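Single-letter residue listing:
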Amino acid sequence: MKEKSITPEGIINQAMGMNMSFTEAEFPVEIFPSMIQRIIHEVYECQSYPIDYTAASILTAIAAGIGNTHLVQMKQGWVESAILFVALVGRPGANKSHPLSFAMKPFINFDYQQNLEFGKLYAKYEQDISMSKKERMDAGVEEFPQEPIRKRFLVSDITPEGLSYIHAQNKRGLCLWSDELSAWFKNFNRYNNGSEEQFWLSVFSAKTVIECALDENNEIQPSIVTFSDEARKFLYKWQHEHADLCDNLSNEILLGIYCKLEIYIIRFCLLIQITRWLCGECGKEQVDTETVRRAILLTEYFKQTATRVQNLMNETALTVQQQSVLFQLPELFTTAQGIEIAASQGMKERAFKEFLSKHTGTLFQKDRHGEYRKV
């Protein structure tokens, strides 16, 4: 891999990232170009919007903006789109809604204007279809008036059938926006006995939900973004290390999440490359090594977040004895040291080894044979 060159943009990005690292934010804001980093910083300073929530919301908005216009090709026959499933999780009053509304404001404004325009067109459509054939001919109206289509980016509180219908009219792509994550889950299968969960899994995989007539003049023809040879090698290196981590992971929940990250990192590459291109940092024909580096930072952030959440869930399920042992263990320890500490808390060797094995990947990380660290 070639040595990374020093550029003014790179120095500014790094400085902005270091500045925001002192605000207790963990989201790697340096994945964004400097102008977006400044926006995130300003709304934090002026509106007290949490940086993690604002950055994740902007990432979501970028994905919605790209929609189906660009795809990234990992290898021949393997392409990924900009589809993301993002959830802002926090205590009530943690100021989650405002950053999301801020990031989605351009789409909210667009949809509002389109709705006004649709209202006018639909009123005209109803007037036309109420006329007789002769009246339409005399008025110079089409013989068979076509019902207008409402263009939009955002939808909410919608059934799979409704989403499929709207998406057929908005092939550029849609963003499903739900104020409450729990409400989205509760709505599963409310109108039918089928599996709405399977529908959303197919959406994540960008599988075809409906068959639409293709019009070569109007159909979206996505631009294909490929990887440079160096960028692909860089990504392969991370993938191999990630695969080794998954092979040693005993927690099935985290394993499922980590496997999805193998797909997400490719999509992150697409989002970051297009964003950098829009901000004048690079071209968009190929994903470069800098984009892969930033995508890795973002993926590791979500990996750590998932691990932390799982740890919190695990800790609440631990017995008093297990919690005591966990507290007494140093950050780095060997199996022998762990057995000794567990014995001091009244836990037998076999019980400790089962405890260690069960929670490796969540509470503990295995560095090498017989050596562990607390996550």
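See above for the structure.
Residues numbered from 1 in each chain as written. Predicted model: local features only at pLDDT ≥ 70, side-chain atom pairs only at ≥ 80, totals over all residues. Heavy atoms only, no water.

Peer 1: Before we go on, may I ask you to explain unusual backbone geometry in this structure?
Peer 2: One can expect most non-glycine residues to show negative phi and most peptide bonds to be in trans. Its identity is not glycine, yet Ser48 carries a phi of approximately 60°, on the positive side. Taking the relative accessible area as the measure of exposure, Ser48 reaches 51% and is therefore exposed. Positioned with a positive phi, Asn95 is a non-glycine residue whose angle comes to about 65°. Counting through the fold element by element, Asn95 comes out in the loop between strand E2 (78-80) and helix H4 (97-103). (Buried < 20%, exposed > 50% of the residue type's maximum accessible area, 1.4 Å probe, protein only. Helix = DSSP H or I, 4+ residues; strand = E, 2+ residues; numbered from the N terminus.)

Peer 1: Whenever I open this one, the pattern of salt bridges confuses me. Can you help?
Peer 2: Pairing between side chains of opposite charge can happen when their charged atoms approach one another. The full count for this structure, using the stated rule, is 17 salt bridges. A salt bridge links Glu26 to Arg308; its shortest N-O distance comes to 3.2 Å. Of this pair, Glu26 sits in the loop between helix H1 (8-20) and helix H2 (34-47) while Arg308 is found in helix H12 (residues 289-317), placing the two residues 282 residues apart along the sequence. We classify Glu26 as partly exposed; its relative accessible area is 47%. Across the salt bridge formed by Glu354 and Arg350, the nearest N and O atoms sit 3.5 Å from each other. Here Arg350 and Glu354 lie together in helix H15 (residues 349-358), a separation of four residues that amounts to about one turn. Of the residues examined, Glu354 reaches a relative accessible area of 48% and is grouped as partly exposed. Salt bridges sharing partners connect three or more residues here, namely Arg276, Glu281, Asp288, Glu290, Arg293 and Arg294. (Salt bridge = Lys/Arg side-chain N within 4 Å of Asp/Glu carboxyl O.)

Peer 1: I tried to follow the packing of helix H3 (residues 51-66) against helix H11 (residues 252-278) on my own but got confused; where do I start?
Peer 2: A pair of packed helices can be characterised by two numbers: the angle between their axes and the separation between those axes. Look at H3 against H11: their axes get within 10 Å of each other, and the N-to-C directions meet at 85°. It follows from the interaxial angle that H3 and H11 lie roughly perpendicular. Within the contact between the two elements, H3 uses Leu59, Ile62, Ala63 and Ile66 and H11 uses Phe268, Leu271, Ile274 and Thr275. (Axes fitted to C-alpha atoms, helices over the stretch in contact; angles between N-to-C directions. Parallel < 35°, antiparallel > 145°, perpendicular 65-115°, else oblique. Contact = heavy atoms within 4.5 Å.)

Peer 1: Where do I start with the sheet that holds strand E1 (residues 70-75) in this structure?
Peer 2: Two strands in a sheet stick together by hydrogen bonds in their backbones, pointing the same way (parallel) or opposite ways (antiparallel). If you walk across this open sheet you meet the four strands as E2-E1-E5-E6, and the pairing is mixed. Each having just a single partner strand, E2 and strand E6 (286-287) make up the two edges of the open sheet. Taken together, the two bridges between strand E5 (residues 223-227) and E6 define a ladder with parallel strand orientation. Directly across from Thr226, in E6, lies its bridge partner Gln286. Packed on one face of the sheet, helix H10 (residues 229-247) meets E1, E5 and E6 and runs near 70° to E1. (Pairing = 2+ DSSP bridges.)

Peer 1: I tried to follow the pairing of strand E9 (residues 371-374) on my own but got confused; where do I start?
Peer 2: Along any regular strand the residues' side chains alternate between the sheet's two faces. A one-sided burial pattern is seen for E9, the buried positions being Tyr372 and Lys374 and the unburied ones Glu371 and Arg373. Looking at chain direction, strand E7 (residues 332-334) and E9 are connected through three bridges and run antiparallel. Residue pairing for E9: Thr334 is matched across the bridge by Glu371. Strand direction decides the pairing type here: strand E8 (residues 364-368) and E9, joined by four bridges, are antiparallel. Looking at E9, one finds that Arg368 is bridged to Glu371.

Peer 1: What's the story with the sheet that holds E8 in this structure? I'm lost.
Peer 2: Pairing within the open sheet is antiparallel, and its three strands lie in the order E7-E9-E8. Each edge of the open sheet carries a strand with a single partner, namely E7 and E8. Taking each pair of neighbouring strands and ignoring which way they run, the sheet shows an average axis angle of 35°. Strands E7 and E9 of the sheet are contacted by helix H14 (residues 335-344), whose axis makes an angle of about 90° with E7.

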